[in-house]
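# Working through the structure, step by step
Chain by chain, the residues:
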Amino acid sequence: MTHDHIQPRSKGGETTFENLCLACRSCNEFKADSTTGIDPLSGETTPLFNPRTQRWSDHFTWSSDATKVEGLTTIGRATIVCLRMNNPVIVVARRRWTVSGWHPPDE
Ligand SMILES: [Zn+2]
């Protein structure tokens, strides 16, 4: 895991508990300095999911086989696209984790 600045330092974000979250390297690198994304369903530009102020289950769910994250809201769908949360590498890993009983997480 890496430390992600929810509001990027390049956009004035501070290194404080409230502005930091744990993110896997892939999500962190694809997020880069983004704070918004585009919902593929509506085309709307929307803020990305904020794990400090929003609940994961309000914006995301797992596909029936638990290999893909599905967006329930504009924020969820835009975040999935921006962070490439369903890239082929992670989908294969989730499939293996599911077989091992490590996935999906409770929340
Ligand atoms: Zn990730």
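A few points on the structure. On a predicted model such as this, the values are computed, not experimentally measured, just so you know. (Residues numbered from 1 in each chain as written. Predicted model: local features only at pLDDT ≥ 70, side-chain atom pairs only at ≥ 80, totals over all residues.)

## Structural notes on the overall build of the protein
How we decide: Helix numbering and strand numbering both begin at the N terminus, where a helix is a DSSP run of H or I of at least 4 residues and a strand a DSSP run of E of at least 2. What the globule rule says is 2.2 Å times the number of residues to the power 0.38, and the radius of gyration is computed from C-alpha atoms. Residues with at least 20 neighbouring C-beta atoms inside 10 Å of their own are called buried, those with 12 or fewer are called exposed, and the rest are partly exposed, where every C-beta is derived from the backbone.
On a plain count of helices and strands, the protein comes out with 4 helices and 6 strands. For the protein, the N- to C-terminal ordering of α and β elements is β-β-α-β-β-α-β-β-α-α. The C-alpha radius of gyration of the protein comes to 14 Å, within 12% of the 13 Å expected for a compact globule of 107 residues. Counting only C-alpha atoms and orienting by the principal axes, one finds that the protein spans roughly 40 × 30 × 25 Å. Counting only residues that meet the buried cut, the protein has 20% of its 107 residues in that class.

## A closer look at the environment of Pro 47
Locating Pro 47 in the fold gives a position in strand S4 (residues 45-47). Overall, Pro 47 belongs to the partly exposed group, with 14 C-beta atoms counted inside 10 Å.

## A look at the environment of Gln 54
Operational definition: Our contact criterion uses C-beta atoms placed from the backbone: two residues qualify when those atoms are within 7 Å.
Looking at the secondary structure, you find Gln 54 in the loop between S4 and helix H2 (56-59). Given 16 C-beta atoms within 10 Å, Gln 54 falls into the partly exposed group. For the pair formed by Gln 54 and Val 99, sequence separation is 45 residues and the distance between their alpha carbons is 29 Å. Not counting chain neighbours up to four residues away, the residues in contact with Gln 54 comprise Phe 49 and His 59.

## Quick notes on helix H3 (residues 74-83)
Taking burial as the measure, the 10 residues of H3 include 9 buried ones, the bulk of the element. Buried within H3 we find Thr 74, Ile 75, Gly 76, Arg 77, Ala 78, Thr 79, Ile 80, Cys 82 and Leu 83. Looking at the packing, one finds that the buried side of H3 touches helix H1 (25-31), strand S3 (36-38), S4, H2, strand S5 (60-62) and strand S6 (69-71). Two residues or fewer past H3, Arg 84 is found with a positive phi of approximately 50 degrees.

No statement about biological role is implied by the geometric values presented.
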